[in-house]
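Structure at a glance
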Amino acid sequence: MMTTTSTRLITLILMLQRQPGQKAADLARQLDVSVRTVHRYFGMLDEMGVPVYAERGPYGGFSLVPGNKLPPLIFSPEEAVALSLGTGLVCEMWGQVYAEAARSAQVKLENVLPTDQRQEITWAQHSLLTTGINRADMTTIKPLLETLLETLREAVHDSRQIEMTYQNSKNETGETRIFDVYGLFHRSGWWYAVGFCHLREGLRTFRVDRIMNLALLKNTFTRPPDFDFQTYIAQDWQDVPQVKVRMMFPAFTAHLALYARQFWSTYEPQQDGSVIVSFNAPDFNSAASNALTYGPGALVLEPDEVRRIVREWAEEVVRMYE
């Protein structure tokens, strides 16, 4: 439901521009206002230099005066801020790959906006920030990561195969693969490439920072027409083996569990003030590492394998400091 006069006025212009000769009652119903309010809007549009005229008769209705069109850019202050903040997110996510384009778009946007909307953008830039999206990408590898992303983006855009050396936990020296890159996505601080791996002869997801060498080939590929990128990455993430962990925060550290509320799969306050939480991890070591970030402030309840790893690591830490 539209709630602001400015939004309704812009919508009314678009409606009349798209379909001239509309009845006031129909316009009122679509805008969720009264017919009297629609006529008031016609007067406001006339004052803005966008006159509306009416044709009488059974086939008549209201239309914009010929030659009047909605200006190329009319935004509410909130819409202008959303677009401006969006350019900042592009820079944060993609770095130098799209940094120049994002800055250029920001300048063009501000050059065509009225003063009040530019002031709103300035306020937002000083008050509403998003940082640390690439927090898992250390400064030392960021230039390399941006180079990899640029090459992979080009491969996706031009449907060109790549040859890469990919390192995983089972092969530290890496192995060479020919890869058709269907798309790139970012999740939890890491960039991933999705596509067809010719070595494994199937769809695979690779973490970009684990690519050791990368070359763009002349060979092209055709992305399967039935491949749904959004559906694939959602299903691919669900198929990753998960270790389910239950952990207890005593009453004196229950506030730590509350602070990280969005991380837990379940959050169960107890009568004694403690909190029992659960979370998923890709493997036992990752689960133990997450638990140890809280030191003695959290106790792993299950599974036993995670309890064993936490105990052994804690004992090793003690020996290191003795």
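Cut-offs used in this document
- Residues numbered from 1 in each chain as written.
- Predicted model: local features only at pLDDT ≥ 70, side-chain atom pairs only at ≥ 80, totals over all residues.
- Heavy atoms only, no water.
- Pairing = 2+ DSSP bridges.
- Helix = DSSP H or I, 4+ residues; strand = E, 2+ residues; numbered from the N terminus.
- Axes fitted to C-alpha atoms, helices over the stretch in contact; angles between N-to-C directions.
- Contact = heavy atoms within 4.5 Å.
- Parallel < 35°, antiparallel > 145°, perpendicular 65-115°, else oblique.
- Nonpolar A, V, L, I, M, F, W, Y, C, P; charged D, E, K, R; others polar.
- Salt bridge = Lys/Arg side-chain N within 4 Å of Asp/Glu carboxyl O.
- Buried < 20%, exposed > 50% of the residue type's maximum accessible area, 1.4 Å probe, protein only.
- Polar contact = N/O pair within 3.5 Å; in protein donor to acceptor, adjacent residues only side chain to side chain.

**Observations concerning the sheet that holds strand S11 (residues 299-302)**
Here we have four strands laid out as an open sheet, ordered S9-S10-S8-S11, and antiparallel in their pairing. A single partner strand is all that each edge strand has here, and the edge strands are strand S9 (266-269) and S11. Averaged over all pairs of adjacent strands, the angle between strand axes in this sheet comes to 30°, irrespective of strand direction. Its contacts with the sheet put helix H11 (residues 304-321) on strand S8 (243-249) and S11, and the angle it makes with S11 is roughly 150°.

**Some details on the packing of helix H2 (residues 24-31) against helix H3 (residues 35-47)**
For any two helices packed against each other, the geometry comes down to the angle between their axes and how far apart the axes lie. Packing of H2 against H3 leaves a shortest axis separation of 8 Å and a crossing angle of 100°. Taken together, the axes of H2 and H3 are roughly perpendicular relative to one another. Mapping the contact onto sequence places Ala24, Ala25, Leu27, Ala28 and Leu31 in H2 and Val35, Val38, His39, Tyr41 and Phe42 in H3. Grouping the constituent residues of the contact of H2 with H3 by class yields nine nonpolar, one polar and no charged.

**Here's the deal with the pattern of salt bridges**
Under the definition given, this model contains ten salt bridges. Across the pair Asp209 and Arg207 runs a salt bridge, and its minimum N-O distance is 2.8 Å. Note on Asp209: relative accessible area 26%, which makes it partly exposed. Judged by its relative accessible area of 17%, Arg207 falls in the buried class. In this structure, Glu305 engages Arg308 in a salt bridge whose closest nitrogen and oxygen atoms are separated by 2.4 Å. With Glu305 and Arg308 both in helix H11 and three residues apart, this pair spans about one turn of that helix. For Glu305, a relative accessible area of 29% puts it in the partly exposed group. A network of salt bridges, in which partner residues are shared, links Glu175, Arg177 and Arg200.

**Focus: the pairing of strand S5 (residues 190-197)**
S5 sits mainly inside the fold: six of its eight residues count as buried. Of the pairings in the sheet, the one linking strand S4 (residues 171-187) to S5 comprises eight bridges and is antiparallel in character. Pairing of Asp180 across the sheet is with Phe196, part of S5. Across six bridges, S5 lies against strand S6 (residues 202-207) in antiparallel orientation.

**Here we look at the environment of Asp283**
Mapped onto the secondary structure, Asp283 falls in the loop between strand S10 (275-281) and helix H10 (284-292). Sequence spacing of Asp283 and Gln242 is 41 residues, and the spatial spacing of their C-alpha atoms is 6.5 Å. There is a polar contact of 3.2 Å between the side chain of Asp283 and the backbone nitrogen of Asn285.

**What about the side chain of Gln161?**
Position of Gln161 among the secondary structure elements: in strand S3 (residues 160-168). A polar contact of 3.3 Å, which involves the side chain of Gln161, links it to the side chain of His198. Residues contacting Gln161, with those up to four places away along its chain left out, are Ile178, Phe179, Asp180, His198, Ala215, Leu216, Leu217, Asn219, Thr220 and Phe221.

Just geometry here; none of it tells us what the structure is for.
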